[in-house]
Amino acid sequence: MTRNKDQAAAVLPTLLTELRLPSINRNWKSLTETADRDGWPAAHLLASLFEIEMNERVTRRIQRHREQSALPPGKTFATFDFDAATAIRKAHIMALATGDGWIDSGGNLLIFGQSGTGKTHTIAAIGHALIDCGRRVLFSTTTDMVQKLQAARRELTLTSMLDKLDKFDLIILDDLSYVRKDQVETSALFELIAHRYERHSIAITANQTFATWDSVFPDPAMTVAAIDRLVHHSNIIEMNGESYRKRSALARVGNRHNTDDIVQTIDNANPVGNNPGDATHRPS
Ligand code: ADP
Ligand code: MG
């Protein structure tokens, strides 16, 4: 059927809405005007319109993935000062942030370090960068995840929850050391680790290295089994050094007297001797 310009303009919005092409719907008027004025070949007009739809679709998808990720907003590489993080190499972290290699093969990432050294910020920045590359990421405190897994087990939906979590290329479990031992809960955490093993990635941050993980899993055998699966294909990063929180608190305070008070307060909250030590050591 041939239509004149006005007749075509009348049906286009309905067709584009029905076909779910919102970006073309917003742009076809101005682009067809340009095409008419500049004598574009029809194929060029079509390609330009579909390109807009495609690009905006990618942007919308990334935005949706970022909302679903529950990543802390603002904890990105744009706000991360590598000069202040002397324990890590920028090149290494940026390579991990592409996801190449380790995410494809379901490898893991373990970040150890004392409180305030930038573990959460680093893993969140890696998560944001992975989302920008089109990957799917879920950020959760380990405690929250354990509670959700436990609730699913009570409702007999643990298996389907584990399957649903498969849509995420990476699950970040922040602050593993804060989980307290409870037979039922933490064995659900083990099931998550076992379920994703060699298929989908997990990243974990922890104040303390493996030697103290006995207090997280119900028994030593499960602790060893969890560590084995996490470490088998893993990158391990240690973020030791002075707390960034402590340093920025100090920088905010010029007054010597107040500074001593703050150091005292932070030191009390983060006692020395909590050094993770060598992360590559595994309990025998
Ligand atoms: P951790 O998880 O190791 O306890 P965080 O990642 O929460 O530490 O860092 C503590 C605070 O310091 C956060 O506000 C974080 O954004 C900030 N921070 C830590 N390291 C850096 C860094 N290298 N550059 C910028 N901000 C940092
Ligand atoms: Mg943290």
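Conventions we followed
- Residues numbered from 1 in each chain as written.
- Chains lettered and ligands numbered in written order.
- Predicted model: local features only at pLDDT ≥ 70, side-chain atom pairs only at ≥ 80, totals over all residues.
- Heavy atoms only, no water.
- Phe/Tyr/Trp six-rings, centres within 6.5 Å; stacked < 30°, edge-to-face > 60°.
- Buried < 20%, exposed > 50% of the residue type's maximum accessible area, 1.4 Å probe, protein only.
- Helix = DSSP H or I, 4+ residues; strand = E, 2+ residues; numbered from the N terminus.
- Lys NZ or Arg CZ within 6 Å of the ring centre and 35° of its normal.
- Salt bridge = Lys/Arg side-chain N within 4 Å of Asp/Glu carboxyl O.

**Considering the packing of aromatic side chains**
- All chains considered together, the criterion is met by five aromatic pairs.
- Seen from their ring centres, Phe80 and Phe82 are 4.9 Å apart, and the 75° between their planes marks the pair as edge-to-face.
- The exposure class assigned to Phe80 is buried, which follows from its relative accessible area of 13%.
- Phe82 sits in the buried class, given a relative accessible area of 13%.
- Each ring, one from Phe112 and one from Trp213, has its centre 6.2 Å from the other, and the planes form 45°; the classification is tilted. Here Phe112 is found in strand β1 (residues 108-112), whereas its partner Trp213 is found in the loop between β4 (201-206) and α9 (220-232), with 101 residues between them in sequence.
- The exposure class of Trp213 is buried, given its relative accessible area of 1%.
- A cation over an aromatic ring shows up here: Arg229 above the ring of Tyr197, its NZ or CZ 5.9 Å from the ring centre.

**A look at the pattern of salt bridges**
- If you walk through the whole model with that rule in mind, you get 10 salt bridges.
- The residue Arg57 makes a salt bridge to Glu53 at a minimum N-O spacing of 4.0 Å. Here Glu53 and Arg57 lie together in helix α3 (residues 42-69), a separation of four residues that amounts to about one turn.
- Across the pair Arg199 and Asp166 runs a salt bridge, and its minimum N-O distance is 3.2 Å. Here Arg199 is found in the loop between α8 (183-196) and β4, whereas its partner Asp166 is found in the loop between α7 (158-165) and β3 (170-174), with 33 residues between them in sequence.
- You can call Arg199 partly exposed: its relative accessible area is 37%.
- Here Asp166 falls in the buried class, since its relative accessible area comes to 18%.
- A single salt-bridge network, built from bridges that share partners, covers Glu53, Arg57 and Arg60.

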